[in-house]
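# An overview of the molecular structure
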Amino acid sequence: MAPEHPGDDIALLVARTRTVPADRIATWDLPPDPSLVSDIRNAATRRLAEWGLEELSFAAELMLSELVTNAVRYGSEPIQVRLIHDRSSLICEVSDGSSTAPHLRRAASTDEGGRGLFLVAQLSQAWGARYTPHGKVIWAECTLDAA
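Structural notes, computed from the coordinates. (Residues numbered from 1 in each chain as written. Predicted model: local features only at pLDDT ≥ 70, side-chain atom pairs only at ≥ 80, totals over all residues. Heavy atoms only, no water.)

### As for the side chain of Asp 86
Let me state the cut-off plainly: Secondary structure elements are taken from DSSP: a helix is a run of H or I of four residues or more, a strand is a run of E of two residues or more, and numbering for both begins at the N terminus. Residues count as neighbours in contact if any of their non-hydrogen atoms are within 4.5 Å of one another.
Mapping Asp 86 onto the fold places it in the loop between strand 2 (79–85) and strand 3 (89–96). Discounting residues that sit within four places of it in the chain, Asp 86 has contacts with Arg 18, Val 20, Arg 24 and Leu 144.

### A word on helix 2 (residues 57–74)
How we decide: Expected span of a helix, by definition, is 1.5 Å for each gap between consecutive residues, and there is one gap fewer than residues. Relative accessibility under 20% of the residue-type maximum defines a buried residue, over 50% an exposed one, and the middle range a partly exposed one, all with a 1.4 Å probe and only protein chains included.
The end-to-end C-alpha distance of helix 2 is 25 Å, a good match for the 26 Å that 18 residues give at a rise of 1.5 Å each. Along helix 2, the positions that sit buried rather than exposed are Ser 57, Ala 59, Ala 60, Met 63, Leu 64, Ser 65, Leu 67, Val 68, Ala 71 and Val 72.

### Notes on the sheet that holds strand 2
Test applied: In this analysis, strands are considered paired if DSSP registers two or more bridges between them. Lines are fitted to the C-alpha atoms to define the axes, a helix being fitted only along its stretch in contact, and any angle between axes, read from their N-to-C directions, falls within 0 to 180 degrees.
Sheet architecture is open: five strands sit in the order 1-2-3-5-4, paired in antiparallel fashion. Single-partner strands in this sheet number two, and they are strand 1 (25–30) and strand 4 (126–132). On average, each strand axis in the sheet is tilted by 15 degrees relative to the strand beside it, whichever way the strands run. Where strand 1 meets strand 2, six bridges bridge the pair, whose relative direction is antiparallel. For Trp 28, the partnering residue across the bridge sits in strand 2 and is Val 81. Packed onto the sheet, helix 1 (residues 37–50) meets strand 1, strand 2 and strand 3 and runs at close to 170 degrees relative to strand 1. Against the sheet, helix 2 touches strand 1, strand 2, strand 3 and strand 5 (135–143), its axis set at about 15 degrees to strand 3.

### A short note on the pattern of salt bridges
Note the threshold: Salt bridges are defined as contacts in which a side-chain nitrogen from Lys or Arg sits within 4 Å of a carboxyl oxygen from Asp or Glu.
Counted according to the given criterion, the structure contains five salt bridges. Notably, a salt bridge pairs Glu 50 with Arg 47, separated by 3.2 Å at the nearest N-O pair. Here Glu 50 and its partner Arg 47 are both found in helix 1, three residues apart, which amounts to about one turn of the helix. Note on Glu 50: relative accessible area 59%, which makes it exposed. The class of Arg 47 is partly exposed, set by a relative accessible area of 24%. Across the pair Asp 96 and Lys 136 runs a salt bridge, and its minimum N-O distance is 2.9 Å. Here the residue Asp 96 occupies a position in strand 3, and Lys 136 occupies one in strand 5, the gap between them amounting to 40 residues. Each of Arg 82, Glu 93 and Arg 130 takes part in one network of salt bridges that share partners.

### Comments concerning the nonpolar core
Worth spelling out the cut-off: Only buried Ala, Val, Leu, Ile, Met, Phe, Trp, Tyr and Cys residues count toward a nonpolar core, and they belong to the same one when joined by side-chain atoms within 4.5 Å.
One finds Leu 64, Val 68, Val 81, Leu 83, Leu 90 and Val 94 to be the most contacted residues of the largest nonpolar core, which totals 29 residues. For this core, the secondary structure elements donating two or more residues are strand 1, helix 1, helix 2, strand 2, strand 3, helix 3 (116–123) and strand 5. When residues in this core are grouped by element, the largest group, seven residues, is from helix 2. Setting aside anything within four residues of it in sequence, one finds Leu 64 in contact with Ile 40, Ala 44, Thr 69, Val 81, Leu 83, Cys 92 and Val 94.

So, to be careful, I would describe these as geometric facts and stop short of saying anything about function.
The following block contains the structure:
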């Protein structure tokens, strides 16, 4: 505990890390081809079935469709998809070589697009972006008990 009137700034950082076994991580590298979005959905569905997470398939497929489509349309190579089956959640990640930030919008009923990240936000318990030295990662997390 810091004294009531500390003589300097005090910071305490506590971090807990844990590893995820390699068999609970699925990774796919993609060329920027929109026709491959369905292949990723199918591969993700198969992996979720292997993990016994079939009940998350619909949400994961929709989230991956939106995130991969955005990466193909607005991002740059390299594009990578990862599914991480943690103890209590499923994390869908799509990375690309662009640092362009995604924007959550509410599309009007007459708009052709603009609903992708809104759908991701509705289907996930949390989502966000993190930047890397070579681009960004957009992630969405679903808790396993939410299924």
